[in-house]
Structures are given as structure tokens and as C-alpha cells.
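# A closer look at the structure
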Amino acid sequence: MTHHKSFSLSMQKEMEKRDLSMDSEINKAFKELKIKSMLRRSGISKNKGYQTLTLLYLIVLLPFFKKYLRSLWLDTCFHNHFEAKKDTYYRFLNHERFNWRTFIYCLAFRVLSRSDEVPLKQKVLIADDSIAPKTGQNMELVSYHFDHKVRRSILGNQFLQLAYHNGINLFPIDVAFHTSKKRPNSRVRKMDKRTNGWRRRKEVFKKKTDLLVEMLDRAWNNGIDASFVLFDSWFAHDIVISKIPHIGYGVICRLKRGRTKYTYQGQQYSLKQLWHQVAKKRTNWLDRFKVKAVCLDVTLPHSGDVRVLFVSDGKKQWHAFLSTDLDVDASEILTYYARRWAIEVFFKDAKQMLYLGKEQSETFDAVVACYSIVMMRYLLLVYILNKYAMTGPIGPLFRDLAESHLQLYIAEKMWAYIKELMITSSQLFWPEMEPDRFLHLLDIVEDAISNQVKILTAKL
């Protein structure tokens, strides 16, 4: 029997020659969203060697297999698919000319274009910072940051995340890193100052408030429409708030009890004085939120006229929020601000499921690349949710996909052992079988295993 598909070109040939034939939901998303064209547009391409599309695809899949980067060259099952060595992946992640920021914007826009359109008032931007803890003191630009959750300084990469929220899903669109003066080393990789890697390194020494304004300006210039920017009290400085409406967005944020003076009916008050001397006596119950509240229109030195919302539990606890829109009422301000919780959920999912902070490299370029890939994984999951009109968080979807990929992974690994045994013993048990017939038998089994993923993901 003549069989034109030889054994060496079936499961063991490189995945880019198979055109990423593992027909999973992630692979479908790669094709439907035209990831390859976005990579070219972002300068994420190579003139020779393995395709960046294939390398990226395999790295994106790692959390779904519960595997880490080293598995791509150490694990037998991965190596059967793709024979790239360790240096191939690290060169990809450490490439200083790749524009990951442009790539994430392109991907976010494409995912957004496939989601339902919502009114402008439903669209908001959310900004917040977090820390990815690290243990390696030799890592480039790693530094110590005070973590309010554990009440002490920890070593890690601090990042400022900007995300878009349409009232249904969160879409991470930009990230900037910040390093403090408390660094265990002074390493900074030398490179061409015209590269994206150098520009990202310059960012880390800026103040986070300046980074926030730059990110919002970049979002506006990229065509992101939103009614408000939401952030917590850490960024609630008068000078920062004053810059954002000039970009094109309103602001709703929580206020800190500092020395800033608020002018109300011709008199100046600190926030604490404004509460005790004016607002406390005027609060009324908001039944929907089970709090007492009152709005006061005041003037700030830089931001001008703003609305301050005071809320209280009716006892001693009170908090204040600010809106640059004087037409929104107390319930609307609280409803908008409550949506800021979506970015906290993103941080939790990214750290627990999508390998945020798990990169295994000492270079800053790899940190940028790996965090961008985390945002990419999240956007792909949001795309799949919208594609199948699924509601709710990404966690259950991630677990479904991970289960499907793990079943395929285990099946392929078991087949690798069985295949090796069959090849070794073929002359002993099937001495009369023609080589073509034997290879054809192996191909049939291997194709059945590869196609099994269609069944495993059919429930989506």
C-alpha cells in the first residue's frame, strides 16, 4: 500500500509546518483574530528561524497545560511537536525591538470590535497598580515596593495597569512598569536607544502619576472612547485630576484625607473639615447602597469645579469620592466606582491562572513580553466568552479549556510511550508487515489523538 504521508512528517514535524493544526479554541481564536498580521504590524517577526507566531502560540498555551516555559524544551510531548531549544524561546522573549504595546492595542481593538456595542456612558477606563513578587535580586530593574496587603516592602516588579470596561467585560489595553530607588542591583541592559526596549526602560523611572497621564493620553490617541477614568485615592491628586479632562475623559475617584483645600461657598476646607462642618449634617439614606450620602459642589485649585460625594455608615466611618461631572448624582457615582473592582478581579485571575509574574528570565524585556502575553491570554478568553455569548467571569472558561488541553496532553504523552514501544518491538511482533502499512497505522492513531481536541472543546 502506498501512503504519501510519512511518519517523520506526522506528529514530529514542526508545528508551523502543520499550520498550528491542533484545532483548539485558542488556535481558532488565533486564526479568527488574524494574530499573524498583528504581529507583523507590531514588528514582532523574524527573518529566519522559527516563526514568531508559533513560538507565541506555544507560550500562550502553557497555563492551559499547567506547564512552565522550561517544559517547551524539556517535556517530551512538547518536543515531539516542536524541536526549538531553550535559546530560541529566550531570544524571542528578550527581543528589545518587539513593540508589545502596539500588539496589545491591536488585539484589544479586534476583540472589542467583535463584542456588543454599548452607549458611551457605559464605557469607562480603570487604572490601578499591583506588584508581581520576585525572589531573584539579580533581575534587571527589580526593586522593593511597599505592599499594603502584607504591610511591608517586598521585592518585585510594580506595574500600572490600564483597562477598558464596557459594563460587561474588562479589556486590558496598556501596562507600564515602575521601579523604586530601593534596588538590589543597578543593572540596566545596554541597547540601541531607538528601540522599544529602551523606551520601556526609560518609563520605569517616572512617577506613577505621570505614567497614568501618559497612558490615558495614549489611549485617547488610539481612539479609546470612555466617559470616565476610575482610580483609587493613591492617584487622587488635584494636579493629576486636572490634566485628565483636557485629554478627553471625566474622572471618578476616591479621595484621600490630605491637606488639599476645597472651596465651598467662598470658604476653604480640608476634606476632613468639609465632612465634619458641612456634609455630615446633610446626609440622607441611599436605600440601594445602605449608606447615608450627600453631594457638595466645590472648587479645587487646579481642577476647578468638581462634585464631592460623602458617604457614611451612619456611625463614625465615612469616605469621600470625586466626580468631574457635576450632573451625576450620588447613586451614579457609587455605581461607577464599584466597577473599579473589575481590575482587582483581573489581577487575581492573571496571577492565579494566567502566570502573571512567573517569567523565568533576568532581563526586563522578558518581563514586558511575558506580562503582555498575560494580557493576551485574558483578551483571548474574553473573545471566546463573547463568541459563544457566555456570561460571567473567565475563571470557569479557563478551567474548561485547561481540562480539555490537559486531556489531550496526557493522551499524546501516553501515545508517545506506546509508539516508542511499538517501533522498538515491530520487528519482533510484526516482522512480515510492510513499513508503509506500519507507518500508516501510526499515522491513523496520531491523527485520531490530534482530532480528539475537537470533541473536548465541543461543549463551548
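That block above? That's the structure.
Presented here is an overview of the structure given in this document. Predicted, not measured: the structure shown is a model, and the values here were computed from it.

It is at 10 Å that the axes of helix α1 (residues 25-32) and helix α14 (residues 364-387) come closest, and there the two elements cross at 90°. Judged by the angle between their axes, α1 and α14 are roughly perpendicular. Together, Glu25, Ile26, Lys28, Ala29, Phe30 and Glu32 of α1 and Met376, Leu380, Tyr383, Ile384 and Lys387 of α14 make up the contact between the two elements.

On to the packing of aromatic side chains, then. For the coordinates displayed, the defined rule picks out 25 aromatic pairs. Each ring, one from Phe30 and one from Tyr57, has its centre 5.2 Å from the other, and the planes form 85°; the classification is edge-to-face. Of this pair, Phe30 sits in helix α1 while Tyr57 sits in helix α3 (residues 52-61), placing them 27 residues apart in sequence. Summarising the burial analysis for this pair, Phe30 and Tyr57 share the class buried. Aromatic rings pair up to connect Phe159, Phe177, Phe346, Phe347, Phe364, Tyr371 and Tyr378 into one cluster. When the ring centre of Trp318 is taken as reference, the NZ or CZ atom of Arg257 above it lies at 3.7 Å.

With that out of the way, let us pick up the pattern of salt bridges. Evaluation of the coordinates by the stated rule reveals 21 salt bridges. Among the salt bridges present, the one from Arg340 reaches Asp128, with a minimum N-O distance of 3.0 Å. Pair noted here: Arg340 is in the loop between α12 (330-338) and α13 (341-352) and Asp128 is in strand β1 (residues 124-133), with a separation of 212 residues, a long-range link. The exposure classification of Arg340 matches that of Asp128, with both residues buried. Between Arg201 and Glu140 there is a salt bridge, with the nearest N and O atoms lying 2.8 Å from each other. Here Arg201 is found in helix α8 (residues 196-203), whereas its partner Glu140 is found in the loop between β1 and β2 (143-147), with 61 residues between them in sequence. By the burial criterion, Arg201 is buried, and Glu140 matches it.

Another aspect to go through is the environment of Leu255. In this structure, Leu255 sits in the loop between β6 (250-254) and β7 (262-264). For the pair Leu255 and His319, spaced 64 residues apart in the sequence, the C-alpha separation amounts to 7.7 Å. In this structure, Leu255 is in contact with Ser233, Ala236, Tyr262, Leu271, Val308, Ala320, Phe321 and Leu322, ignoring residues within four places of it in sequence.

β1 sits mainly inside the fold: 9 of its 10 residues count as buried. In terms of strand pairing, β1 meets strand β3 (residues 152-165) through 10 bridges, oriented antiparallel. Looking at the pairing, Ser130 lines up with Phe159 of β3. Here β1 runs beside strand β5 (residues 228-231); their pairing, made up of 3 bridges, is parallel. Its bridge partner lying in β5, Val124 is registered against Phe228.

Definitions and cut-offs
Residues numbered from 1 in each chain as written. Predicted model: local features only at pLDDT ≥ 70, side-chain atom pairs only at ≥ 80, totals over all residues. Heavy atoms only, no water. Axes fitted to C-alpha atoms, helices over the stretch in contact; angles between N-to-C directions. Helix = DSSP H or I, 4+ residues; strand = E, 2+ residues; numbered from the N terminus. Parallel < 35°, antiparallel > 145°, perpendicular 65-115°, else oblique. Contact = heavy atoms within 4.5 Å. Phe/Tyr/Trp six-rings, centres within 6.5 Å; stacked < 30°, edge-to-face > 60°. Buried < 20%, exposed > 50% of the residue type's maximum accessible area, 1.4 Å probe, protein only. Lys NZ or Arg CZ within 6 Å of the ring centre and 35° of its normal. Salt bridge = Lys/Arg side-chain N within 4 Å of Asp/Glu carboxyl O. Pairing = 2+ DSSP bridges.

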